[in-house]
Amino acid sequence: MIVQAMDDCLEDLKEAERYWNYACAIGNVLRAIADFDDEWLRQHCRFIGWEVRELMRILQIPPIIKVPGSGRVFTGEEGMLVMLQRLASLENLSHLSATSDRLPTAISELHNAMLDHIYPYAKRALRLEVWEVELPRLARELHQQGCLITMCCGFIDGTIFKIRRPTEGEDAAYNGWKRMHATKYQVVVLSNFTIGDYDGPHAGSAGDRNILRRSNVEDRLRDISRRLGCTVSI
């Protein structure tokens, strides 16, 4: 049933979708995890084959993903590979078209659909409160490595992702500093190089100070410090 559904979808793409650039022809050939060796997956996705499959199980990625609006259909493995490449190496849509054998518009739709699926999991898992009891230990280890702040357990920064020009809300998505349309995220990286907290997406025009205020991370850190009986900071 899965193969038949994919075949039906690919038939509907027609010849017109095969060419999006004079230098690149798209074959719309299905890509699976097994099509790539572990070395390539580690370099481009940060995970090897069995780890990608385990992530799919944990995140409950469905075998078939149908994008609302366009009605395009993808496999769950396609979605996982595209999302990991986009997040891990920031490859642009042209590069992803070459490895995924899909149109840039299709890749963008698939990436957004995957993010919509995993956000509820990330919002529960990527929170400082999950690491609460470990924060003092992480702070001590960081101090031993030379950090001048005795109870600093990690670092906070913003990151920006380039997106295609949206049909709605273009002004909000435009980042004047980078001169591109984008979404922004705020990330806390702990001293063990693990993402301990994130907030987003925000419009590309949003300022870092406003994102920090909306995330409420400062108040949450004070609450954590009160429960631990010691001050932790980032």
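Residues numbered from 1 in each chain as written. Predicted model: local features only at pLDDT ≥ 70, side-chain atom pairs only at ≥ 80, totals over all residues. Heavy atoms only, no water.

> Could you clarify how one ought to interpret the overall build of the chain in this entry?
For the chain, the count of helices and strands is 10 helices and eight strands. Every one of the 234 residues in the chain was classed for burial, and the buried ones make up 41%. For the chain, the share of sequence-separated contacts (at least 6 apart) that also reach a separation of at least 24 residues comes to 59%. Carbon together with sulfur atoms contributes 54% to the accessible area of the chain, which is approximately 13,700 Å² in total. (Helix = DSSP H or I, 4+ residues; strand = E, 2+ residues; numbered from the N terminus. Buried < 20%, exposed > 50% of the residue type's maximum accessible area, 1.4 Å probe, protein only. Contact = heavy atoms within 4.5 Å. Areas by Shrake-Rupley, 256 points an atom, 1.4 Å probe, with all protein chains shown as cover.)

> In this structure, what is going on with the side chain of Arg102? I would like to understand it.
Position of Arg102 relative to the elements: it lies in the loop between helix 5 (93-100) and helix 6 (104-125). In this structure the side chain of Arg102 is engaged in a polar contact, spanning 3.4 Å, whose partner is the backbone oxygen of Val73. Within polar-contact distance, the side chain of Arg102 engages the side chain of Glu78 at 3.0 Å. (Polar contact = N/O pair within 3.5 Å; in protein donor to acceptor, adjacent residues only side chain to side chain.)

> How should I be thinking about the pattern of salt bridges in this particular structure?
Oppositely charged side chains can pair when the atoms bearing their charge come close. Tallied over the entire structure, the rule returns 12 salt bridges. The salt bridge partner of Glu129 is Arg220, with a shortest N-O separation of 3.0 Å. Note that Glu129 is positioned in the loop between helix 6 and helix 7 (135-144) and Arg220 in helix 10 (residues 217-228), a separation of 91 residues in sequence. You can call Glu129 partly exposed: its relative accessible area is 31%. Salt-bridge contacts for Arg137 lead to Glu141; the nearest nitrogen and oxygen are separated by 2.8 Å. Highlighted residues: Arg137 and Glu141, both in helix 7, separated by four residues, approximately one helical turn. Overlapping salt bridges bring together Glu129, Asp197 and Arg220 as one network. (Salt bridge = Lys/Arg side-chain N within 4 Å of Asp/Glu carboxyl O.)

> Which parts of the structure should I look at to understand the nonpolar core?
Most often, soluble globular proteins have nonpolar side chains that are buried together. The biggest cluster of nonpolar side chains holds 33 residues, and the ones touching the most others in it are Leu41, Ile61, Met80 and Met114. Of all the elements in the fold, those that place two or more residues in this core are helix 2 (38-45), helix 3 (49-58), helix 4 (76-89), helix 5, helix 6 and strand 7 (180-190). Top element by residues in this core is helix 6. It accounts for nine residues. Here Met114 is in contact with Ile61, Ile65, Gly79, Met80 and Met83, once residues within four sequence places are set aside. Residues Leu128, Leu138, Val188 and Val232 belong to the second largest nonpolar core, which totals 11 residues. (Core = buried A, V, L, I, M, F, W, Y, C linked by side-chain atoms within 4.5 Å.)

> Got a minute to help me understand the confidence of the model for the chain in this structure?
Predicted coordinates in regions of low pLDDT should not be interpreted in detail. With 86% of its residues at a pLDDT of 70 or more, the chain shows a mean pLDDT of 80. Counted against residues more than four places away or in other chains, residues 12-24, with its pLDDT under 50, gives 17 contacts. (pLDDT = per-residue confidence, 0-100.)

> Would you take a moment to explain the packing of aromatic side chains for this structure?
By convention here, two paired aromatic rings are described through the distance between centres and the angle between planes. In the structure shown here, the tally under the stated rule is three aromatic pairs. Ring plane angle 15° and centroid distance 6.5 Å describe the contact between Tyr119 and Tyr198, whose orientation is recorded as stacked. Residue Tyr119 is located in helix 6, and its partner Tyr198 is located in strand 8 (residues 195-203); the two are separated by 79 residues in the primary sequence. With respect to class, Tyr119 is no different from Tyr198; both count as buried. Here the basic side chain of Lys178 rests over the ring of Trp177, its NZ or CZ set 4.6 Å away from the ring centre. (Phe/Tyr/Trp six-rings, centres within 6.5 Å; stacked < 30°, edge-to-face > 60°. Lys NZ or Arg CZ within 6 Å of the ring centre and 35° of its normal.)

> Explain helix 7 here, please?
Since one α-helical turn is 3.6 residues long, residues separated by three or four positions face the same way. By the burial criterion, the buried members of helix 7 are Leu135, Pro136, Leu138, Ala139 and Leu142. Projected down its long axis, helix 7 carries its buried residues within an arc of 160°, all on one side. Elements in contact with the buried residues of helix 7: strand 5 (154-162), strand 7 and helix 10. Looking at the residues trailing helix 7, positive phi occurs at Gly146, about 115°. (Arc of directions from axis to C-beta.)

> Teacher, can you tell me more about the environment of Ala88 here?
With respect to the helices, strands and loops of the structure, Ala88 is situated in helix 4. With 46 residues separating them along the chain, Ala88 and Arg42 place their C-alpha atoms 9.9 Å apart. Those residues in contact with Ala88 that sit more than four places away from it in its chain are His44, Cys45 and Arg46.

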